[in-house]
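Residue-level structural notes
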There are 2 protein chains.
Amino acid sequence: MPSCIFCKIISDEAPADILYRDERVTAFRDIHPIASTHILIVPNKHIVSVNEVTPEDETLLGYLFTIAKEIAKQENVAESGYKLIVNTGPDAGQVVFHLHMHLIGGRRIRTR
Amino acid sequence: MPSCIFCKIISDEAPADILYRDERVTAFRDIHPIASTHILIVPNKHIVSVNEVTPEDETLLGYLFTIAKEIAKQENVAESGYKLIVNTGPDAGQVVFHLHMHLIGGRRIRTR
């Protein structure tokens, strides 16, 4: 999707602090972190939101957990704990309409 | 796991307000809801947490999103929005050590 910022990051047309990348998933730091570890794990496929998920996406979405587990280890939050959050729609505050999983752990950052 | 409350709910040995059940996943209302819609979507397989996920679990975990999408529609929060949250470990407040996805949407409930 040419207008999607996450598609641009995935294809290296926009900058990001990339932590992991393969042919299915890209992970990078959130530019507005709410905790010392705040990473976005994004399927390279442009899926708008959970509302648009189809059964053929299940293996890809399950793979997000495998990557989350590995990144949590690398970030030293696997034992202390972390939240994986996927927001859908306005009440959840979804701002980029390319499905993504937040990995949030470590020290909470007071942003406001 | 005989001592696991979610395994007991899945096998009908403990009560719950079940919304969905099949051979892979069980969904029921959280007994301490923090919003008007607060549902737990639980793989029937006893996986302790995301830290214990293996690649063979990916299809099962991806399937949680398909069930979440359907339940969000049934609960009339698909368009207004909802959060899917998987908590791991103490910092995230994981209290039941059987991996589960929270589906949270609708009006926020003030519990304290």
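See above for the structure.
Overview of the structure. For clarity, every value in this text was computed on a predicted model and none was experimentally measured.

1. Description of helix H2 (residues 58–74) of chain A
Spanning 17 residues, H2 of chain A covers 25 Å between terminal C-alpha atoms, matching the ideal 24 Å at 1.5 Å per step. Immediately downstream of H2 of chain A, the backbone of Asn-76 of chain A shows phi near 60°, a positive value.

2. Remarks on the sheet that holds strand E4 (residues 82–88) of chain B
Here we have ten strands laid out as an open sheet, ordered E1(A)-E2(A)-E3(A)-E5(A)-E4(A)-E4(B)-E5(B)-E3(B)-E2(B)-E1(B), and antiparallel in their pairing. Edge positions in the open sheet fall to strand E1 (18–21) of chain A together with strand E1 (18–21) of chain B, since each of these has one partner strand only. Strand-to-strand, the axes of this sheet are offset by a mean angle of 20°, without reference to chain direction. For E1 of chain A and strand E2 (residues 25–29) of chain A, the ladder comprises three bridges, and the chain directions are antiparallel. Along E2 of chain A, the bridge assignment pairs Arg-21 of chain A with Thr-26 of chain A. Packing against the sheet, H2 of chain A makes contact with E1, E2, strand E3 (35–43), strand E4 (82–88) and strand E5 (101–108) of chain A together with E4 and strand E5 (101–108) of chain B, and its axis sits at approximately 150° to E3 of chain A. Along the sheet, helix H2 (residues 58–74) of chain B contacts E4 and E5 of chain A together with E1, strand E2 (25–29), strand E3 (35–43), E4 and E5 of chain B; its crossing angle with E3 of chain B, the most-contacted strand, is approximately 150°.

3. So, the interface of chain A and chain B
Tallying the contact residues gives 31 residues for chain A and 31 residues for chain B. Of all residues in chain A, the largest losses of buried area upon contact with chain B belong to Asn-51, Glu-58 and Phe-65 of chain A, amounting jointly to 23% of the total for that side. One can count zero salt bridges joining chain A with chain B. Where chain A meets chain B, there are 16 residue pairs in polar contact (both at pLDDT 80 or more). Residue assignment for the side of chain A that touches chain B shows that the elements contributing at least two residues are H2, E4 and E5 of chain A. For the side of chain A that touches chain B, the element with the highest residue contribution is H2 of chain A, accounting for eight residues.

Quick notes on the rules
- Residues numbered from 1 in each chain as written.
- Chains lettered and ligands numbered in written order.
- Predicted model: local features only at pLDDT ≥ 70, side-chain atom pairs only at ≥ 80, totals over all residues.
- Heavy atoms only, no water.
- Helix = DSSP H or I, 4+ residues; strand = E, 2+ residues; numbered from the N terminus.
- Expected span 1.5 Å × (residues − 1).
- Pairing = 2+ DSSP bridges.
- Axes fitted to C-alpha atoms, helices over the stretch in contact; angles between N-to-C directions.
- Contact = heavy atoms within 4.5 Å.
- Buried area = accessible area lost by both parts, 1.4 Å probe.
- Salt bridge = Lys/Arg side-chain N within 4 Å of Asp/Glu carboxyl O.
- Polar contact = N/O pair within 3.5 Å; in protein donor to acceptor, adjacent residues only side chain to side chain.

Bear in mind that shape data such as this cannot, by itself, settle questions of function.
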